[in-house]
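Residues per chain, in single letters:
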Amino acid sequence: ICATVPDDGSVRAIIVTGAGGRAFGAGTDISLFRGFKSGDDGLAYEARMEAMFAKLERCPVPTIAAIPGVCTGGAAVIAAACDLRIATRTLKFGFPIARTLANCLSAANVARVAMLTGVGRAVDLLMTTRLIEADEALAIGLVNELLDTPEALMARAHALGAQIATQ
């Protein structure tokens, strides 16, 4: 989507959110990894993901991550790559992949999170695999605002998009 944003001013902001209002996303479907035959498959996968995250970061219009509830793994990287992040008070954000996959984020993805939270907190999230909740996410600058309901979240995301569109 970001790679095809028209340059005629008809799109002024993009809201990224999960379907159903209960979660932003849980990350990669780990069943994809069963088909990997070698380390090269893993490297190719990471290259594809990096290309996608980079397109989101270079999107020619501002991006707003509207995060209702759970936002983990690759979905958390998508949110981190957006320009603004707002969430519901039910937020659970983190990277449990060291526990679930015995894996970790690429250096580029660690850097994305560290730019928002600071290096120490990014390392803490990765090494402990803990999920942070809404108030902590707001306190450390990971999200910009907290809303009470998914409906309020989307209303605020649209209001932010409209505000940005007038700039």
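Described below are features of the structure shown in this document.

Thresholds applied
- Residues numbered from 1 in each chain as written.
- Predicted model: local features only at pLDDT ≥ 70, side-chain atom pairs only at ≥ 80, totals over all residues.
- Heavy atoms only, no water.
- Buried < 20%, exposed > 50% of the residue type's maximum accessible area, 1.4 Å probe, protein only.
- Helix = DSSP H or I, 4+ residues; strand = E, 2+ residues; numbered from the N terminus.
- Arc of directions from axis to C-beta.
- Phe/Tyr/Trp six-rings, centres within 6.5 Å; stacked < 30°, edge-to-face > 60°.
- Disulfide = S-S within 2.5 Å.
- Pairing = 2+ DSSP bridges.
- Contact = heavy atoms within 4.5 Å.
- Axes fitted to C-alpha atoms, helices over the stretch in contact; angles between N-to-C directions.
- Patch = residues over 30% accessible without salt bridge, like charges linked within 9 Å, V, L, I, M, F, W, Y side chains within 5 Å.
- Areas by Shrake-Rupley, 256 points an atom, 1.4 Å probe, with all protein chains shown as cover.
- Salt bridge = Lys/Arg side-chain N within 4 Å of Asp/Glu carboxyl O.

### A look at helix H5 (residues 119–128)
Moving on, step 1. Among all positions in H5, only Ala 122, Leu 125 and Leu 126 are buried. Here the buried residues of H5 occupy an arc of 95 degrees about the axis, which is enough to place them on one side. The exposed residues of H5 that point more than 90 degrees off its buried face are Gly 120 and Met 127.

### Brief notes about the packing of aromatic side chains
Note on aromatic pairs: each is described by the distance of the centres and the angle between the planes.
Moving on, step 1. Counted according to the given criterion, the structure contains two aromatic pairs.
Moving on, step 2. When the centroid spacing of 6.1 Å and the interplanar angle of 55 degrees are considered together, the rings of Phe 36 and Tyr 45 count as tilted.
Moving on, step 3. We classify Phe 36 as partly exposed; its relative accessible area is 27%.
Moving on, step 4. The exposure class assigned to Tyr 45 is buried, which follows from its relative accessible area of 8%.
Moving on, step 5. Considering the side-chain rings of Phe 93 and Phe 95, the 5.7 Å spacing of their centres and the 90 degrees angle between planes classify their relative orientation as edge-to-face.
Moving on, step 6. Classification of Phe 93 by relative accessible area gives buried; the value is 1%.

### Quick word on the state of the cysteines
Defined simply, a disulfide is a covalent bond joining two cysteines at their sulfur atoms.
Moving on, step 1. Applying the stated criterion to the full structure yields zero disulfides.
Moving on, step 2. With no disulfide of its own, Cys 82 lies 7.7 Å from the sulfur of Cys 2, the closest cysteine sulfur.

### So, the sheet that holds strand S7 (residues 132–133)
Moving on, step 1. In spatial order, the strands read S2-S4-S6-S7; together these four strands make up an open sheet with mixed pairing. The open sheet has two edge strands with one neighbour each: strand S2 (23–25) and S7.
Moving on, step 2. Bridge count between strand S4 (residues 70–72) and strand S6 (residues 92–94): three bridges; the pairing is parallel. Across the sheet, Val 70 pairs through a bridge with Lys 92, a residue of S6.
Moving on, step 3. Relative to the sheet, helix H2 (residues 73–81) contacts S2, S4 and S6, its axis offset from that of S4 by approximately 95 degrees.

### Focus: a nonpolar patch on the surface
Moving on, step 1. Side chains of Val 119, Val 123 and Met 127 sit close together on the surface and give an oily, nonpolar patch of about 320 Å² of accessible area.
Moving on, step 2. Inspection of the secondary structure puts Val 123 in helix H5.
Moving on, step 3. The class of Val 123 is partly exposed, set by a relative accessible area of 35%.

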